[in-house]
Structure formats: structure tokens, C-alpha cells
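Per-entry structural report
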Amino acid sequence: MKKIISLFLTLVVFVSLIAQDLTQYIPSDAVFVANINPKNIDSKVSLESLKKLDVFEAMANQLSQMGGKKTQEAMYKAINAPSQYGMDFMSKSYFFIEMKGENTFANFIFKLSDRQKFENFFKTEINKDNKTKIETKSGFTMVEASETGTMAWNDKMVLISVGYFNFDYKNGEKYEDYKIRATTTITDQVHSFFTTSPKAPIIKNKNYAKSILTKNDAHMWVDYGRIMQSYGDIIKSMPGVMPSGWESELMNVSTAMMDLYKDMKVASTINFVDGAMEIDIRSYTNKKMLDYTRKVYDNKLNKKFLKYLDGSNLLGYFSMAFNVENMFEGMKDLYYPIIESSTNKGQMITSALDVMEIFVDNEAIYNLFKGDMLFAITGLQEYETTYIGYDFDDDFNRIEVEKTKKETLPSFIMMMSYGDEKNINKLLKFGVKSEVFERVKPNLLKVVDSLSYAEMPIYLVKQDGILFLTNDTNITMNNLVKGRPIASKVNKEHINLIRKKPMTFYWDIPKTLSNLPIEVDGNSTDSKMLNMSKNTFESIKLTYGRPTNDYVPANLSFTLGNKKVNALEQFMDYVNDMYISMTNNRSM
């Protein structure tokens, strides 16, 4: 049974990637739902042409090796022409996960175009030895279940269901009893799926429906809140996990905090366009968390940061801009009620925190750092590292020897805006007194050598309302007075990404690969793979936008080199070229 499930899962996933909507059969409380839209993909890229690539041919051959010679032949035909066996892989297929108490079910459903053809294929090719029992009841046919899962079908679709069940250690359950319980549970689950329509299918969920309305090549839906809640319940139910005393109280607080995310759901649409793969992400949550996020994102990055950012060899960066006061005050509004209601000592804890505020100037803390930060990798540079190695003397006694080696490490700069000059000076003075820094100039500190790595000097500079942390001596000594020269400043694309979004990540792939200290022969496989990667990929960008009325938007973009060719086609050509290069190298 396990072999049959594995075979069909591999077949379905493989063909779906190159290939009446079924959402009505998926319950709205499914914690994860994903689908592929082969028709939409095929309108952009010829799936038939992709199937002719060498790498797909190799994958098809590997898949068809399961079973005897006749089964191999049937599987190979099924991969290349699934409709001959009644399988419709050009319609959307769905993978979804249900969590019912301590039981988890992972399900895959796909449409049938001809039930009779599919049954003939299964009976004559997959189960021709009749070792696996098949039973038809209540309008559907089911393969005999095992403790791990089963497969079933009716006139419309095929269901592959895999179950995950907790072993009942508490009551000393025996493995044979576990197998019977698991098999019965998975059988009941499949029977319910085919005989009982969901009272509320996933398509009735308004947020799911809204997120899937846009045309897409693939779609994912995650009920993050329910997953976290179920995970917490499982941890608490395990023997010996729940501590006592204060630790137990803290566990209760942590569990209560999960309630903040109980309505959180994340929807993602994936689209392959010319020159890029775009993933649009929507994070839905309860109104309280949405309002909190809106207040936290109420800030903009200091535009002076861009004055000091070297764009001539920029490999990547991460930026964020949060409202510090709103973040901390909002945390009090969110978490104080949780602490008080979830533990016997809750009111004492919150009262103690209130007392601490008597001795702490909150306004001074909020004005110490302004909540914006930019961290950038501006290149790579070589450092000499000292380390302790071992040699042998004339009597073959091992002796310690101080040795040196060269390491290539990234050049970086991190910038943070600060507010109160007097208080920031106190903080830096404390750093010097604590021997974390040593003062080089009034506004230039150096991290002590014992805390740095590879004898790499790291400097902290205070200037223009900004704290700079960097290992680039050229920046600290020469370019912080007037900023970067115009010729080396960042371009408008990066300025827009950094300034207009509350959080941004960017990575330039070709520049990074070009800077890596890799010595390869121009004709070697490594060299070819490196060049193919540099020519194919351009960048990865992740941005978070400010909340709308319903959700927090984000976008993940994989940009490829050729802006006139669909990203999926470029990526598959890249995989195919890599496969050919590796195959040729092995045959030499």
C-alpha cells in the first residue's frame, strides 16, 4: 500500500508541474491549501516543449522504473499522456491539510476525465498481482487502507490521503493497537470525504476567495493561527513536557499569546511572468493585530542613509522603519491583558512592570533610537586570520604554533538614526568603559580586537544623527564627512525600494557570485555552473507594504536575466543545462 501511494503521489506531482473546480470538496477549516493551475501556465509557456527537455526525460525514466517491465511501460505512458488513463492533469489539482484534534491528514485530489480508464490502468498495471484489496462502496472505490494512508476515487476525482496520528504513550498503547486505530481513522476520514459535503467549503471563506480571484499560476493558503494553536495543544498533551511553578505560568502566558494569532491566515499567489517569478503575499489577522501593525509601520527610513550607501558594488541590503513608541506602547495594550488573564501571578507581573516605569524615562528610551535601520553588504574583502595550529618537534612531540591564513569576508555597513545626542553619548561612553569599544577619535570608536573576527577592524561612527557600524575602513576614514561620491551612489530602483516600504530585503545574485573567492578552470563543471547561474539569475527582492483595511501585503520577487522570456522557461532551461553539464562530466 505504501508503495502504491508513493508511486501515485510522485506521478501526480510530476505531471501536475508540467500540466468542475475541486475547491467545493475542501473544508474551510483546512489549515493548508495549495493548487497548481496548469492551463494558466500553459498559456504562457508550452508545457509540451518543457516535457521534451532532457531533464524531464530523465525524471520520467526514473519514475517509470517502479515495478516490473510492464508497469514501467504503463507509467512512462501515463506520464506523457495521462488522459489515456483517465487522469485530467490540465485542471487544477489541490493539496490540503486538515487537523482534527490530535490527528493530521494530508490530502491530494485531482480530477478524472474517465473513471473506467483509470480503474483499468490501476487494476491491470499497478495492482495486476491482486495483492492490494480494492472495495467499491457508497459510490466510490477505495484501496485497502494501512496505518499511513490510502487512495480512493469516484467518477469525478482521485483522493490520496495520508494520516499522521499520535501514539498514545500515556495509556501504554501497543503498536498493533495503534495500527488498527490509525487504519480505522483514515478509512473513516476517506469515507466521510466522499459521502459528506463540507458544510462550509474553503471557497466560501471570503479572504480565501478574494485572494484567489486574481489570475495565478499557483496559490497557497495557510491558517497560521490554527497551526500554532494545534501545535501548542500537542506539546501540552505530551507526558513530562509541562513544567511546574513559574515555568508553568510562563507556558500559560505563551499559550494565551497564541490567541493574538488565532485569526491569522496567509494567502500567496504565484505567477511566472517575463523575466520574473512574482509571489504576492497577504497576511490576514484580527483587527487588533492589524491596527497594531499599522501603527508600528508608521515611520519612514531616514533619507540621509542613502547619502552614505555605496552602490558601486552593492551585493545586498535589509532595511526597516518602525515607530518605536507605537511598537512598545502597543505591546503593552496587547500583552498586559493576556498576562493578567492567563496566570495567577499575572497582575503582580504587570504591576511590577508598571513600577519599573516609575524609574525609567520612556520618552528618553523612545527617542534614543528612531526605529529605522539599513544594513548593507557593499563588497567582499580579504583579511588575515591568526589561529593556533599544531606541528611536531624533532622528537615527534606535538607543539602549538601560531599560524595565519587569509579569509574573504563581506564588507558591511549598518546605519541607525538616533535622537537625543546626550543620551547616545552616555551609551557610547558606557561601551568604552565596559571595554567593548576603544576610542579612536571623539566620534569614532573601534570594537576591541578580542570581540572582532579574523582580525577584521569594526568601527562605530556617530555623525549626522546616525550611528554607523562598519568594517570598511575606506568608509570610516574618507567618506563619512560628505557622503559617497555621486558616481557610486545607489540608483533610483533601490531608493524607491528602501524609502517607500517599511521593510525590504534585496540580494544581487550575479555580483555576489562574481565576488566569491572561487578559483575554477574555465572549462570545469563548477565554472560552467557558476557562469550559468550568473547569466540566469539577477536578484531576489522581498518587500512588506503598509496594511490595507484587510491585510498586510508583501511581495517576493525572483528576477531573472532575460526580461523578454518567461521566468519558468528560463528556470527550466537553466535546470536542463545544469543537468546536461553534470551528466557530461560524469560520462568523461
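Higher on the page you've got the structure.
The paragraphs below set out a description of the structure included in this document. Just so you know, these numbers come straight off a predicted model, no measurement behind them.

**A few points about the pattern of salt bridges**
Per the stated rule, a full pass over the model turns up 13 salt bridges. The partner of Asp 291 in a salt bridge is Lys 287, with the nearest N and O atoms 2.8 Å apart. Residue Asp 291 and its partner Lys 287 are located together in helix 11 (residues 287-296), separated by four residues, close to a single helical turn. Residue Lys 287 is classed as exposed on the basis of its relative accessible area of 62%. The closest approach of N and O atoms between Glu 421 and Lys 462, which form a salt bridge, is 2.5 Å. Note that Glu 421 is positioned in helix 16 (residues 421-433) and Lys 462 in strand 17 (residues 459-463), a separation of 41 residues in sequence. Glu 421 sits in the partly exposed class, given a relative accessible area of 37%.

**Some details on unusual backbone geometry**
One non-glycine residue, Ser 138, lies in the positive phi region at around 50°. Tracing the backbone shows Ser 138 in the loop between strand 5 (134-137) and strand 6 (140-143). You will see that Asp 464, though not glycine, has its phi angle at about 60°, which is positive. Structurally, Asp 464 can be placed in the loop between strand 17 and strand 18 (466-470). Relative accessible area serves as the criterion here: at 29%, Asp 464 is assigned to the partly exposed category.

**Some details on a positive patch on the surface**
A cluster of basic side chains, namely Lys 300, Lys 500, Lys 501 and Arg 546, defines a positive patch on the protein surface. Within the secondary structure layout, Arg 546 lies in the loop between strand 20 (537-544) and strand 21 (551-560).

**As for the environment of Ala 276**
Mapped onto the elements, Ala 276 comes out in strand 11 (residues 276-284). Expressed as a C-alpha distance, the spacing of Ala 276 and Phe 558, which sit 282 residues apart in the sequence, is 5.5 Å. Leaving out residues up to four positions away in the same chain, Ala 276 has contacts with Asn 271, Ser 557, Phe 558, Thr 559, Leu 560 and Ala 567.

**Here we look at the side chain of Thr 504**
Looking at the element boundaries, Thr 504 is found in strand 19 (residues 503-508). Only 2.9 Å separates the side chain of Thr 504 from the backbone oxygen of Leu 497, close enough to count as a polar contact. Those residues in contact with Thr 504, other than ones at most four positions away along the chain, are Tyr 317, Phe 318, Ser 319, Leu 497, Leu 542 and Thr 543.

**Here we look at the packing of aromatic side chains**
Per the counting criterion, the structure on display carries 21 aromatic pairs. Relative to Phe 322, the ring of Tyr 297 has its centre 5.8 Å away and its plane inclined at 10°; by these criteria the two rings are stacked. Of the two residues, Tyr 297 is situated in the loop between helix 11 and helix 12 (305-308) and Phe 322 in the loop between strand 12 (316-321) and helix 13 (324-342); the sequence distance between them amounts to 25 residues. Residue classification places Tyr 297 among the buried positions, given a relative accessible area of 8%. By relative accessible area, which is 16% here, Phe 322 ends up buried. Ring geometry for Phe 571 and Tyr 574: centres 6.4 Å apart, planes at 35°, overall tilted. Remark: Tyr 574 and Phe 571 occur in helix 21 (residues 567-587); sequence separation between them is three residues, near one turn of the helix. By the ring-pair criterion, three or more aromatic residues cluster together here, those being Tyr 25, Phe 96, Phe 140, Phe 193 and Phe 194.

**Points about the side chain of Asn 205**
Tracing the chain through its elements places Asn 205 in the loop between helix 7 (175-195) and helix 8 (206-213). What makes Asn 205 buried here is its relative accessible area of 16%. Those residues in contact with Asn 205 that sit more than four places away from it in its chain are Trp 221 and Lys 265.

**Topic: the nonpolar core**
One finds Ile 26, Val 33, Ile 109, Phe 193 and Phe 194 to be the most contacted residues of the largest nonpolar core, which totals 29 residues. The set of elements that each furnish at least two residues to this core consists of strand 3 (93-100), strand 4 (103-112), strand 6, strand 8 (157-164), helix 7 and helix 8. With six residues, the single largest contributor to this core is helix 7. Apart from residues lying up to four places away in sequence, Phe 193 is in contact with Tyr 25, Phe 96, Ile 109, Met 157 and Leu 159. Ranked by size, the runner-up nonpolar core spans 28 residues in total, among them Leu 47, Val 55, Ile 540 and Leu 560.

**Concerning the pairing of strand 17**
The buried count for strand 17 comes to four of five residues, which makes it a mostly enclosed element. Relative to strand 17, strand 16 (residues 444-447) is paired through three bridges, and the arrangement is antiparallel. Following the sheet pairing, Leu 445 is matched in strand 17 by Leu 460. As defined by bridge partners, strand 17 adjoins strand 18 across five bridges and the pair is classed as antiparallel. For Gln 463, the partnering residue across the bridge sits in strand 18 and is Ile 466. Between strand 17 and strand 18, which pair antiparallel in sequence order, lie two residues; one of them, Asp 464, sits at a positive phi of approximately 60°.

**Brief notes about helix 18 (residues 492-500)**
Among all positions in helix 18, only His 494, Leu 497 and Ile 498 are buried. Each buried residue of helix 18 lies within a common arc of 90° when the element is viewed along its axis, so the set occupies one face. Exposed and facing more than 90 degrees away from the buried side of helix 18 are Lys 492 and Lys 500. Here the buried face of helix 18 lies against helix 12, strand 12, strand 13 (369-392), strand 19 and strand 20. Of the residues that open helix 18, the one with a side-chain oxygen 3.1 Å from the backbone nitrogen of Glu 493 is Asn 491.

**Brief notes about helix 7**
The end-to-end C-alpha distance of helix 7 is 30 Å, a good match for the 30 Å that 21 residues give at a rise of 1.5 Å each. Tyr 178, Ala 182, Ile 186, Thr 187, Gln 189, Val 190, Phe 193 and Phe 194 are the residues of helix 7 that are buried. Buried residues of helix 7, viewed axially, fall in a sector of 160°; they line one side. The inward-facing, buried residues of helix 7 abut strand 3, strand 4, strand 5, strand 6, strand 7 (149-153) and strand 8.

About the cut-offs
- Residues numbered from 1 in each chain as written.
- Predicted model: local features only at pLDDT ≥ 70, side-chain atom pairs only at ≥ 80, totals over all residues.
- Heavy atoms only, no water.
- Salt bridge = Lys/Arg side-chain N within 4 Å of Asp/Glu carboxyl O.
- Helix = DSSP H or I, 4+ residues; strand = E, 2+ residues; numbered from the N terminus.
- Buried < 20%, exposed > 50% of the residue type's maximum accessible area, 1.4 Å probe, protein only.
- Patch = residues over 30% accessible without salt bridge, like charges linked within 9 Å, V, L, I, M, F, W, Y side chains within 5 Å.
- Areas by Shrake-Rupley, 256 points an atom, 1.4 Å probe, with all protein chains shown as cover.
- Lys, Arg positive; Asp, Glu negative; His and termini not counted.
- Charge placed at Lys NZ, Arg CZ, Asp CG, Glu CD.
- Contact = heavy atoms within 4.5 Å.
- Polar contact = N/O pair within 3.5 Å; in protein donor to acceptor, adjacent residues only side chain to side chain.
- Phe/Tyr/Trp six-rings, centres within 6.5 Å; stacked < 30°, edge-to-face > 60°.
- Core = buried A, V, L, I, M, F, W, Y, C linked by side-chain atoms within 4.5 Å.
- Pairing = 2+ DSSP bridges.
- Arc of directions from axis to C-beta.
- Expected span 1.5 Å × (residues − 1).

Keep in mind that these numbers describe shape and distance, not what the molecule does.
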